[in-house]
Amino acid sequence: MTFKKTHKALIVLSFIITIALTSCLSQPEANTNTSITEAEIKIAKDLIQGSFDDLWAGGDSTKIMSYHTDDFIILEQGEIWDNERIKTYMRDMVSNPNRAKRTNKMEYISIDKYGPSIQIAYYNYAEFTQADTLVGKAKWLESALAVPTDDGWRLKMMHSTRARD
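Residues numbered from 1 in each chain as written. Predicted model: local features only at pLDDT ≥ 70, side-chain atom pairs only at ≥ 80, totals over all residues. Heavy atoms only, no water.

A.B. asks: Just to check I follow, could you spell out the overall build of the chain for this structure?
C.D. replies: Each helix and strand counted, the chain has four helices and seven strands in total. The order of α-helices and β-strands along the chain, N terminus first, is α-β-α-α-β-β-α-β-β-β-β. The buried share of the chain, reckoned over its 165 residues, is 30%. Accessible area of the chain: about 10900 Å², with a carbon and sulfur share of 56%. (Helix = DSSP H or I, 4+ residues; strand = E, 2+ residues; numbered from the N terminus. Buried < 20%, exposed > 50% of the residue type's maximum accessible area, 1.4 Å probe, protein only. Areas by Shrake-Rupley, 256 points an atom, 1.4 Å probe, with all protein chains shown as cover.)

Below, the structure written as structure tokens:
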């Protein structure tokens, strides 16, 4: 083989190796996060705050579908709760005439968009009062997944773990 042919073969081979390595190292677009708008951040925060105000503090089980998908689940302290389990919990909660008033405040860690869904991570701080007296506090580390539906954005999944102070 002549020097020119060997040199051309090496150039072609290095070009092929470069393209092969570049394609192996790049990540597919579907797995990367996409830009989130201020409007989507507000939607995510409103879903979280509204669900806690109306459902977990207010106990209004008629509003579950305003916040959750049909197949919603929450991983709650090692248990799986669906909409029916949540509805039962709320009915028991509101039937207690001595229940404390619950107020939730969120501290958001991150709100990111992945494809069409929004992932939310936050601390949830709850205060429980009776007759304007603080009777308890709780803190959870939580996450949620919001998805667009025909009826607007809804929570598809949440995860909740008690956090230490």
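The discussion continues.
A.B. asks: Sorry if this is basic, but what is going on with helix H2 (residues 38–57) here?
C.D. replies: Residue pairs spaced three or four apart in an α-helix point in one direction, given the helix's 3.6 residues per turn. Between its first and last C-alpha, H2 extends 27 Å over 20 residues, near the 28 Å set by a 1.5 Å rise per residue. Among the residues making up H2, those that are buried are Glu-40, Ile-41, Ala-44, Leu-47, Ile-48, Gly-50, Ser-51, Phe-52, Leu-55, Trp-56 and Ala-57. (Expected span 1.5 Å × (residues − 1).)

A.B. asks: Could you clarify how one ought to interpret helix H4 (residues 83–94) in this entry?
C.D. replies: With 12 residues, H4 ought to run about 16 Å at 1.5 Å a step, and its terminal C-alpha atoms sit 16 Å apart, in line with that. What H4 keeps buried is the set Asn-83, Ile-86, Met-90 and Met-93. In an axial view of H4, the angular spread of the buried residues amounts to 80 degrees, which keeps them on one side of the axis. H4 presents Arg-91 and Asp-92 as exposed residues on the side facing more than 90 degrees away from its buried surface. (Arc of directions from axis to C-beta.)

In short, geometric facts, not functional conclusions.
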